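These are the residues of each chain, in order.
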Amino acid sequence: MSPVTVPAIINVDVPGPVISRHLYGHFAEHLGRCIYGGFYVGEDSDLPNEGGIRLDVVEALRALNIPNLRWPGGCFADEYHWMDGIGPKESRPVMVNTHWGNVEENNHFGTHEFMALCELLGAEPYISGNVGSGTVREMSDWVEYLTREGDSPMVRLRKANGREKPWRVRFWGLGNEAWGCGGNMSAQQYAAEARRFGTYCRDHGDNKLYRIAAGANGADYAWTETLMKQLGELGCAYRPAPFMQALSFHYYTIPGTWQDKGSATEFGVDDHYRTMVQAARVDELITGHSNVMDCYDPGKNVGLVLDEWGTWWNVEPGTNPGFLYQQNTLRDALVASLHFDVFHKHADRLVMANIAQTVNVLQAMILTDPDSGALVRTPTYHVFEMNKGHQDAASLRVDLPGGLPARQVDGTELRTVSLSASRKDGRLLVSLSNVDAGEAADVELDLRGGAIAEPRARILTAGELRAHNTPDAPEAVAPRPHEQVTATASGLRVHLPAHSFVTVEARLA
Ligand code: AHR
């Protein structure tokens, strides 16, 4: 059977909203082996490190141009007391990480270590403050400690701990999941807390804060509305309020139940399609939250942030259930590529997104072996790398005159082909996914308003959707040059094999 043909029109001379690089953000929590053993091994480790930070992890992640890193949680953020993580390591207090595995946390990775990590990665820090069990003063002091120049109590403390100059830290989260682990609050309660905490997180000097209020769980649009109401009245009466510049929401792709989320690697075709349906739902959710925000903020002054997203499977057999360690297959890569197409489409409102999480937890970029330390790049890593040219590029609208191929999955229509495009610095980048498990597709790109030269295509696919990378087979799923791209009178024909992700880059002539 010949592949279905999908016509797609892209006007390369009509740039749309800029795709913020922060849509490619990351998240590192004190959870399982994300920080300890993942990012941080301590100065005495045999693994090459700088100040205890693993240099192979840094090197791998630098290739992704990570724009920002969210830390220290997650649920952990609302029980973290930052002053426990400064000063000489041997005198830092030990606590119990009650959320994640009930293990002891020695606080050896704290504020200075996190800022050093961000500097090594070239990423902006995004700090989640403690609203749930912390105080307004504690968060206000943290901002002062990190960002104030000159002289003040917190500046003196920072200098005593070896850092003369302030850092720049724009992004501050006002708690996390306040509806759950962040305090079990109602939306009204949290809105009042966010106003209070946000008020006393001050701009010091020219370090202008971008405060991100903790938002909804999935489709809880009422939560978003409660927060947006704090800004003014319904309609056009938006009054910029200094306590928040953005609000967030979280959405995980979980095709199973909360109790049995399914295996990361042992799954069938039906499980795959259910996963894709759940992943595609992120479009509906961003649209829903954006619609609510539009009612109160039609000028789009307040940003929407999806600061936790990704797949969530059962933990790998034999690993600590509280550590959320999971493998990562070609299916996860397709979840990521679908998300990015949706993110690009919503670039006018969605200003940041953070995959959960970067190393050894949930949908990770990197897995490290607890015994040998061997590092593996996951299929998801490669999607981030292949797509990095979209960061800060102008989005380009994609028109689909013939629609998209689709399948019925438990009564829901799943579109099996997805694509998005952008331009930056005289270059075009088109990303295309075919999530069909068995059928190929040909996308006919009709590129209008400009010619292209030197197209270069890469493909991420494998013999089966369950394919994944391990220390013994680290390149089982890795990008390769893609030759099945042919010039047509008005653009390109791109062949997409079943379950594949393809990027096409070209110079705009
Ligand atoms: O990413 C794992 C956890 O998921 C985070 O700590 C929490 O915010 C969410 O429920």
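Below is a summary of the structure that appears in this document. (Residues numbered from 1 in each chain as written. Predicted model: local features only at pLDDT ≥ 70, side-chain atom pairs only at ≥ 80, totals over all residues. Heavy atoms only, no water.)

## Describing the pattern of salt bridges
To be explicit about the condition: The working definition used for a salt bridge is a side-chain nitrogen of Lys or Arg within 4 Å of a carboxyl oxygen of Asp or Glu. Counting from the N terminus, the helices are DSSP H or I runs at least four residues long and the strands are E runs at least two residues long.
Considering all chains together, one arrives at 36 salt bridges under this definition. Of the charged contacts in the structure, one is a salt bridge between arginine 458 and glutamate 385, with a shortest N-O distance of 3.1 Å. Highlighted residues: arginine 458 in strand 22 (residues 452–460) and glutamate 385 in helix 9 (residues 379–386), separated in sequence by 73 residues. Linked through salt bridges whose partners overlap, the residues forming this network are Asp294, Asp297, Lys300, Asp348 and Arg349.

## As for helix 3 (residues 136–147)
Put simply, the rule is: One less than the number of residues in a helix, times 1.5 Å, gives the span that helix is expected to have. When a residue's accessible area, from a 1.4 Å probe over protein chains only, is under 20% of the maximum for its type it is buried; when over 50% it is exposed; and in between it is partly exposed. Pairs of residues are marked as contacts when any of their non-hydrogen atoms sit within 4.5 Å.
For helix 3, with 12 residues, the first-to-last C-alpha span of 17 Å sits near the 16 Å given by 1.5 Å per residue. Of all 12 residues that make up helix 3, 11 are buried, and the element is covered over most of its length. Of all the positions in helix 3, only Val136, Glu138, Met139, Ser140, Asp141, Trp142, Val143, Glu144, Tyr145, Leu146 and Thr147 are classed as buried. The inward-facing, buried residues of helix 3 contact strand 5 (68–71), helix 2 (111–121), strand 8 (124–129), helix 4 (153–160), strand 9 (171–174) and helix 5 (187–200).

## As for the state of the cysteines
This is how the line gets drawn: Defined by distance alone, a disulfide is two cysteine sulfur atoms within 2.5 Å.
A full pass over the atoms with the stated rule returns one disulfide. Each sulfur in the disulfide pair cysteine 75 and cysteine 181 lies 2.2 Å from the other. One disulfide, between cysteine 75 and cysteine 181, carries an S-S torsion of -85 degrees and so falls in the left-handed class. Of the two residues, cysteine 75 sits in the loop between strand 5 and strand 6 (95–97) while cysteine 181 sits in the loop between strand 9 and helix 5, which places them 106 residues apart along the sequence. The exposure class assigned to cysteine 75 is buried, which follows from its relative accessible area of 12%. What makes cysteine 181 partly exposed here is its relative accessible area of 26%.

## What to know about the packing of aromatic side chains
As a reminder, the rule being used: Between the rings of Phe, Tyr and Trp (Trp by its six-membered ring), a pair exists once the centres lie within 6.5 Å; its type follows the angle of the planes, with under 30 degrees stacked, over 60 edge-to-face, and the other angles tilted. For a Lys NZ or an Arg CZ to count as sitting over a ring, it must be within 6 Å of the ring centre and within 35 degrees of the ring normal.
Applying the stated criterion across every chain, the model contains 23 aromatic pairs. Each ring, one from tryptophan 71 and one from tryptophan 142, has its centre 6.2 Å from the other, and the planes form 65 degrees; the classification is edge-to-face. Residue tryptophan 71 is found in strand 5, and its partner tryptophan 142 is found in helix 3; the two are separated by 71 residues along the sequence. Assessed through its relative accessible area of 0%, tryptophan 71 is described here as buried. Ring plane angle 70 degrees and centroid distance 4.8 Å describe the contact between tyrosine 252 and tryptophan 312, whose orientation is recorded as edge-to-face. Placement of tyrosine 252 in strand 11 (residues 246–253) and of tryptophan 312 in the loop between strand 12 (303–311) and helix 8 (330–345) is noted, with a sequence separation of 60 residues between them. Assessed through its relative accessible area of 11%, tryptophan 312 is described here as buried. Aromatic rings pair up to connect Tyr36, Tyr40, Trp71, Phe76, Tyr80, Trp82, Phe109, Phe114, Trp142, Tyr145 and Trp172 into one cluster. Over the ring of phenylalanine 267 we find arginine 331, and its NZ or CZ is 3.6 Å from the ring centre. In this structure, arginine 331 packs its charged tip against the face of tryptophan 313, placed 3.8 Å from the ring centre.

## Quick look at the sheet that holds strand 12
Counted only if it meets this: Note: two strands are recorded as paired if DSSP finds a minimum of 2 bridges between them. Note on geometry: axes are lines fitted to C-alpha atoms, helical ones only across the stretch in contact, with angles between N-to-C directions running from 0 to 180 degrees.
If you walk around this closed barrel you meet the eight strands as 2-5-8-9-10-11-12-13, and the pairing is parallel. On average, each strand axis in the sheet is inclined to that of its neighbour by 30 degrees, with strand direction left out of account. Judged from the four bridges that link them, strand 10 (residues 210–217) and strand 11 form a sheet pairing that is parallel. Bridging from a neighbouring strand, alanine 216 pairs with phenylalanine 249 of strand 11. Across the sheet, helix 5 is in contact with strand 9 and strand 10; its angle to strand 9 comes to roughly 145 degrees.

## Things to note about empty space enclosed by the protein
Any empty space left between the atoms is revealed when a probe the size of a water molecule rolls over them. Here is the rule we go by: Throughout, the protein atoms alone are placed on a 1 Å grid, and a set of points is a cavity if a 1.4 Å probe fits but cannot get out or a pocket if it is open with protein on both sides within 12 Å along at least five of seven lines; lining residues have an atom within 4 Å of a point. Grid points are joined across faces, edges and corners, and a volume is the space filled by probe spheres set on the points. Basically, the charged four are Asp, Glu, Lys and Arg, the nonpolar ten are Ala, Val, Leu, Ile, Met, Phe, Trp, Tyr, Cys and Pro, and anything else, Gly included, counts as polar.
This model, assessed by the stated rule, comprises one cavity of 30 Å³ or more. Quantified by volume, the largest cavity comes out at close to 40 Å³. Contributing to the lining of the largest cavity are Tyr80, Trp82, Gly129, Asn130, Glu138, Met139 and Trp142. A per-element tally of the lining of the largest cavity places helix 3 first, with three residues. A per-class count over the lining of the largest cavity returns four nonpolar, two polar and one charged.

## Brief notes about the packing of helix 5 against helix 6 (residues 221–229)
Basically, it comes down to this: Here a crossing is taken to be left-handed if its near helix is turned anticlockwise relative to the far helix by less than a right angle, and right-handed if that turn runs clockwise.
Running from amino to carboxyl end, helix 5 crosses helix 6 at an angle of 40 degrees, the nearest separation of the two axes being 9 Å. The two elements helix 5 and helix 6 cross, and the hand of that crossing is right-handed. Of the residues in helix 6, those touching helix 5 at Ala187, Gln188, Tyr190 and Ala191 are Trp223, Thr226 and Leu227. Classifying every residue of the contact of helix 5 with helix 6 gives five nonpolar, two polar and no charged.

## Observations regarding the site of the ligand
Put simply, the test is: Whether a residue is near a molecule or strand is decided by its heavy atoms; if any one of them lies within 4 Å of it, the residue is near. We define a polar contact as two N or O atoms separated by no more than 3.5 Å, with the added condition that, inside protein, one atom must be a possible hydrogen donor and the other a possible acceptor, whereas residues neighbouring each other in sequence contribute only through side-chain atom pairs. Accessible areas in this description were obtained via Shrake-Rupley with a 1.4 Å probe; residue shielding takes into account the shown protein chains only. Placement in a cavity or pocket follows one criterion, namely that more than half of the molecule's atoms lie within 2 Å of its grid points.
Not every one of the 13 residues close to the ligand is listed here, only the nearest: Glu29, Cys75, Glu177, Tyr252 and Glu308. With respect to the ligand, the side chain of glutamate 29 contributes an N or O atom lying 2.7 Å from an oxygen atom. Contacts to the ligand include tyrosine 252, whose side-chain N or O atom sits 2.8 Å from an oxygen atom. Protein burial of the ligand: of its 280 Å² of free accessible surface, 94% is covered by the chains. Taking a 2 Å distance to the grid points as the criterion, the majority of the atoms of the ligand fall inside the second largest pocket. Of the residues belonging to the shell around the ligand, the class tally is seven nonpolar, three polar and three charged.

## Details of the side chain of serine 433
Note that serine 433 resides in strand 20 (residues 427–434). The exposure class of serine 433 is buried, given its relative accessible area of 0%. With residues near it in sequence (within four places) discarded, serine 433 still touches Ser337, Leu338, Asp341, Thr416, Val417, Ser418, Leu496, Ser500 and Phe501.

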